[in-house]
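# A structural walkthrough
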Amino acid sequence: MSEQPARVLVVEDETAIADTLLYALRSEGYEASHCALGREALALLRAQEADVVVLDVGLPDLGGFEVCRQLRTFSQVPVIFLTARNDEFDRVLGLELGADDYVTKPFSPREMVARVRARLRRVPQQTQAAPVGEGGWKVHGAFAVDSEGLRIRYQDVLLDLTRYEYMLLAALLQRPGAILSRAQLMERGWDHASDSADRTIDTHVKTLRAKLRAAGALEDPIRTHRGLGYALEA
Ligand code: CA
């Protein structure tokens, strides 16, 4: 971690939960701030980017999902959802909106801090220009991956990928030809394997294929292996 403490914004309307969380985060040396409303959170994040956002799904003004959707139009800050119930709908929709993780209430402050720490590890260092590669692009056949900018080009066309699609495709590109099971793919992009994993992966593969077609792919470079998973054409 850099010398600057990481900034965590907690968006939660229940004071008791927010206080517990702020206390736990500050004890670990994070610079934690708080707001109780979705619109307020968006205004704050437009003014100053946070390193991680902990976002309650049930907010009184804009719901957490809507906040996340709007947030993604201008920021790729990692988002951890707080959900009231272990609801499959929440999980899948959260993924599709570009959230990075979720924690179900009630949660232990320690668990939450661990999740925040995990998110911070995955964020590329933005404060210092880390000299990795030439312009950050690494070529894999017809694909080129910019792992710092979280971008992928296909035949020189920049793919407009969600965060999750990016992670999925990047995982396949890391091991061309290897069959990765849905559970393995789920692990790459999401901390929790779950019974909704297969459906979620299939959904994202479907949208990825459509984007590759739109980028000029004549043949589908992602091969489905029935009952096993997916592989990228080597
Ligand atoms: Ca709430």
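Refer to the structure printed above.
The rules behind the values
Residues numbered from 1 in each chain as written. Predicted model: local features only at pLDDT ≥ 70, side-chain atom pairs only at ≥ 80, totals over all residues. Heavy atoms only, no water. Helix = DSSP H or I, 4+ residues; strand = E, 2+ residues; numbered from the N terminus. Buried < 20%, exposed > 50% of the residue type's maximum accessible area, 1.4 Å probe, protein only. Contact = heavy atoms within 4.5 Å. Areas by Shrake-Rupley, 256 points an atom, 1.4 Å probe, with all protein chains shown as cover. Expected span 1.5 Å × (residues − 1). Axes fitted to C-alpha atoms, helices over the stretch in contact; angles between N-to-C directions. Parallel < 35°, antiparallel > 145°, perpendicular 65-115°, else oblique. Left-handed = near helix turned anticlockwise from the far one by under 90°. Nonpolar A, V, L, I, M, F, W, Y, C, P; charged D, E, K, R; others polar. Pairing = 2+ DSSP bridges. Donors = N, O, S within 2.8 Å, 3.2 Å for Na, K, Ca; no water.

## Observations regarding the overall build of the protein
Within the protein, the secondary structure is distributed over eight helices and eleven strands. A burial count over the protein gives 48% of its 234 residues as buried. A separation threshold of at least 6 residues defines the contact pool for the protein, and within that pool the share at least 24 residues apart is 58%. A total of about 12,200 Å² of accessible surface is found on the protein, and carbon and sulfur atoms cover 50% of it.

## Overview of helix α1 (residues 15–27)
Across its 13 residues, α1 extends 18 Å between first and last C-alpha, which sits within 8% of the 18 Å expected from 1.5 Å per residue. Directly after α1, the chain includes Gly29, whose backbone phi takes a positive value near 90 degrees.

## Re the packing of helix α2 (residues 38–47) against helix α3 (residues 64–71)
It is the contact of α2 with α3, at a shortest axis distance of 10 Å, that shows an interaxial angle of 20 degrees. The angle between the axes of α2 and α3 places the two elements in the roughly parallel class. The interaxial crossing formed by α2 with α3 has right-handed handedness. Contacts from Gly38, Leu42 and Leu45 in α2 reach Val67, Gln70 and Leu71 in α3. Looking at the contact of α2 with α3 residue by residue, the class counts come to four nonpolar, two polar and no charged.

## Digging into the pairing of strand β3 (residues 52–56)
Extensive coverage of β3 is indicated by the burial of five of its five residues. Here β3 shows no split at all, with Val52, Val54 and Asp56 on one side and Val53 and Leu55 on the other all buried. Where strand β1 (residues 7–11) meets β3, four bridges bridge the pair, whose relative direction is parallel. Each bridged residue has a counterpart across the sheet, and for Leu9 the counterpart in β3 is Val53. Note: β3 against strand β4 (residues 79–83), four bridges, orientation parallel. Across the sheet, residue Val53 finds its bridge partner in β4, namely Val79.

## Remarks on the sheet that holds β1
An order of β2-β1-β3-β4-β5 is seen for the five strands of this open sheet, with the pairing classed as parallel. Edge positions in the open sheet fall to β2 (31–35) and β5 (101–104), since each of these has one partner strand only. Within this sheet the neighbouring strands show an average axis-to-axis angle of 20 degrees, counted without direction. Packed on one face of the sheet, α1 meets β1, β2, β3 and β4 and runs near 165 degrees to β2. Of the strands in this sheet, β3 and β4 touch α3, which is tilted by about 170 degrees from β4.

## Quick notes on the coordination of the calcium ion
Around a metal, the perfect tetrahedron of four donors has angles of 109.5 degrees, and the perfect octahedron of six donors has angles of 90 or 180 degrees. Only Asp13 (OD), Asp56 (OD) and Gly58 (O) from the protein coordinate the calcium ion, and they sit 2.2 to 2.4 Å from it. The motif formed by the donor residues of the calcium ion, counted along the single chain, is D-x42-D-x1-G. Taken together, the residues Asp13 in the loop between β1 and α1 and Asp56 in strand β3 connect sequence positions 43 residues apart. Overall, Asp13 belongs to the partly exposed group, its relative accessible area being 30%.

## Focus: the sheet that holds strand β6 (residues 137–140)
Taken in spatial order, the four strands make up an open sheet running β6-β7-β8-β9, and their pairing is antiparallel. If you trace the sheet from one side to the other, it starts and ends with β6 and β9 (157–158), each paired once. In this sheet, strand β7 (residues 143–146) lies alongside β6 in antiparallel orientation, the contact comprising four bridges. The residue bridging Lys138 from the neighbouring strand is Val145, located in β7.

These figures capture arrangement, not role.
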